[in-house]
Amino acid sequence: MMLQKIVIIGANAAGVEAASAVRKKDRTAEITLVTREKTVGYSRCGLPFVISGVIPQLKELIVYPPAYFQMLKLNLRTQTTASVINTKEKTVTIQTPRGVNETIAYDKLIIATGAEPFMPPIKGREKLGILSLRSIEDGEKIDAAVKAGAKSAIIMGAGLIGLELGAALIKRGLQVTVVEMLPQILPQLLDVDMAKLVQDHLKQKDMKILLNKTVEEILGEDKVSAIKASGEILTADMYISAFGVRANTKLAVDSDIPLGETHAIKTNAYMETEVKDVYAVGDCAETTHIITHRPICPQLGTVAVRQGKVAGMNVGGANSQFTGVLVSAITRLFDIEIGTTGISEAVAVKNNIQTVVGIISSKTKADYYPSAKSIKVKLIVEKESERIIGAQIVGGEEVTQRINALSFAIQKQMTVRELAKADTAYAPPVCETWEPMVLAAEMVLMKLR
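A brief look at the structure comes next. Note that this is a predicted model, so its numbers are computed, not measured.

## Considering the overall build of the chain
- Helices and strands together make up the secondary structure of the chain, namely 12 helices and 25 strands.
- For 449 residues, the compact-globule estimate of 2.2 N^0.38 gives 22 Å, and the chain sits close to it at 23 Å.
- The dimensions of the chain, computed from C-alpha atoms along their principal axes, are 65 × 55 × 40 Å.
- Sorting the 449 residues of the chain into buried and exposed places 53% on the buried side.
- Counted over contacts in the chain with a minimum sequence separation of 6, partners at least 24 positions apart contribute 63%.
- When the 53 positive and 48 negative side-chain charges of the chain are each reduced to one mean point, those points stand 2 Å apart.

Below you can see the structure in the form of structure tokens.
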């Protein structure tokens, strides 16, 4: 029996998870991880919280130290670029840190190339000094700019990373202005009504948010000195691009590995691409939305590790499936938590799904209990089947497990009538007699009558 040769391109969440899963199934396989980065196996999601000062150092984000790779006998090649995949000969050409080309053979290949910050085709986009937050090095640059005395920042884009970073910089004492071309913040996650709640909270914390403003030009000589947004000229000490990320697919495209509708790498339920023995996982891979059945590339850490595990188990000889995503996500901005799962009203409209919505404002503890905080739950139900298809929650605490509970409900195709009969727990210091999710379900039932 020949030893199986496994090559994994990318060594962050999805890649390392895939390697670990292969190793659990196959004790003898030769597993090689190739990555351009110097630091591997760290949590990108933790970067804003190092910048805010909550986590003292960037190196604390390293989840998998070098000893982990040694223990699992993983051959880790850092600062190494995979330049060509030959799917006919089953080889990968890599460039070592010294610039030497080497060819490695594979029996199975997993592409985990992740995503890169995306900059729209704005005039002047090539100017120096525009920062983004994706890697540890990016985090170091932003932190250095703050330490060097930056007093103000302009963040272009009001998505999750933009707002988390904005909150972090305010905590470090900077004046922050967020510029967003759409009429709301968090457009991928929330509907307008729930986004407004979050926006009001951010305003109270002195975050300046400019909506319906398109960045048209980046001004300055070689280096950025101002931006022009919908005709207005804005200046700051720091300029941050947070327009979002795009899947890193160049290697796949150059190797004739097909992309899907979302321009990420097309995969099936086993995380296989359309080329035999080649898998794709994480931020570069397309998957399916459980509700709309449409292709989607959610680019979330939770999805990356789950996909990595599925691909790794399959490469190791299992028959594991990835069943799609609900894009469940959560964050905390200052004193509120924001969670979402399933689809929003806006996405339902786009997909011609008729919905009934229930919204309730409640408290996180008994009303008379001293530290009770407010919480708002929005449930989205498909009118015909009465099934729950989405939820959004904004509250002072206890949002995560409610979003998780609703994600279970959606995955098990629970109807709003079943949710209204949920057997929930209660004690004054921890929750209300009537669970807010149940009250939201009752609101939907009233409308359905």
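Having seen it, we continue.
## Some remarks on the packing of aromatic side chains
- By the definition in use, this model includes 2 aromatic pairs.
- A centroid spacing of 5.9 Å and a plane angle of 90 degrees characterise the contact between Tyr68 and Phe69, whose relative ring orientation is edge-to-face. Comparing Tyr68 with Phe69 shows no difference in burial state: the two are buried.
- Through a chain of ring-to-ring contacts, three or more aromatic side chains come together here, namely Tyr64, Tyr68 and Phe69.
- Positioned over the ring face of Phe118 is Arg246, at 3.6 Å from the centre of the ring.

## Digging into the sheet that holds strand β11 (residues 175–179)
- Spatial ordering of the open sheet is given by β9-β16-β10-β11-β12, a layout of 5 strands whose pairing is parallel. Each having just a single partner strand, β9 (130–131) and β12 (207–210) make up the two edges of the open sheet.
- As paired strands, strand β10 (residues 152–156) and strand β16 (residues 238–241) are joined by 4 bridges and run parallel to one another. Across the sheet, Ala153 pairs through a bridge with Met238, a residue of β16.

## Describing helix α12 (residues 436–448)
- The first and last C-alpha atoms of α12 sit 19 Å apart over 13 residues, in line with the 18 Å expected at 1.5 Å per residue.
- Within α12, burial applies to Pro436, Met437, Val438, Ala440, Ala441, Val444 and Leu445.
- On its buried face, α12 sits against β23 (355–363), β24 (374–382), α10 (400–411) and α11 (416–420).
- At the N-terminal boundary of α12, the capping side chain belongs to Glu435, with an oxygen 3.1 Å from the backbone nitrogen of Met437.

## So, unusual backbone geometry
- Positive phi, close to 45 degrees, is recorded for Leu186, a residue that is not glycine.
- By the secondary structure assignment, Leu186 is in the loop between β11 and α6 (192–204).
- When its relative accessible area of 2% is taken as the criterion, Leu186 is described as buried.

## Details of the nonpolar core
- Judged by nonpolar contacts, the single largest core of 96 residues is most densely connected at Leu169, Val198, Met207 and Met238.
- Broken down by element, the residue count for this core peaks at 6 residues, all from helix α5 (residues 160–171).
- Once residues within four sequence positions are removed from consideration, Met238 is found in contact with Leu131, Ile142, Ala145, Val146, Ala150, Ser152, Ala153, Ile154, Leu169 and Leu174.
- One finds Val377, Ala391, Val399 and Ile410 within the second-largest nonpolar core, a separate group that totals 30 residues.

Basis of the calculations
- Residues numbered from 1 in each chain as written.
- Predicted model: local features only at pLDDT ≥ 70, side-chain atom pairs only at ≥ 80, totals over all residues.
- Heavy atoms only, no water.
- Helix = DSSP H or I, 4+ residues; strand = E, 2+ residues; numbered from the N terminus.
- Rg over C-alpha atoms; globule rule 2.2 N^0.38 Å.
- Buried < 20%, exposed > 50% of the residue type's maximum accessible area, 1.4 Å probe, protein only.
- Contact = heavy atoms within 4.5 Å.
- Lys, Arg positive; Asp, Glu negative; His and termini not counted.
- Charge placed at Lys NZ, Arg CZ, Asp CG, Glu CD.
- Phe/Tyr/Trp six-rings, centres within 6.5 Å; stacked < 30°, edge-to-face > 60°.
- Lys NZ or Arg CZ within 6 Å of the ring centre and 35° of its normal.
- Pairing = 2+ DSSP bridges.
- Expected span 1.5 Å × (residues − 1).
- Polar contact = N/O pair within 3.5 Å; in protein donor to acceptor, adjacent residues only side chain to side chain.
- Core = buried A, V, L, I, M, F, W, Y, C linked by side-chain atoms within 4.5 Å.

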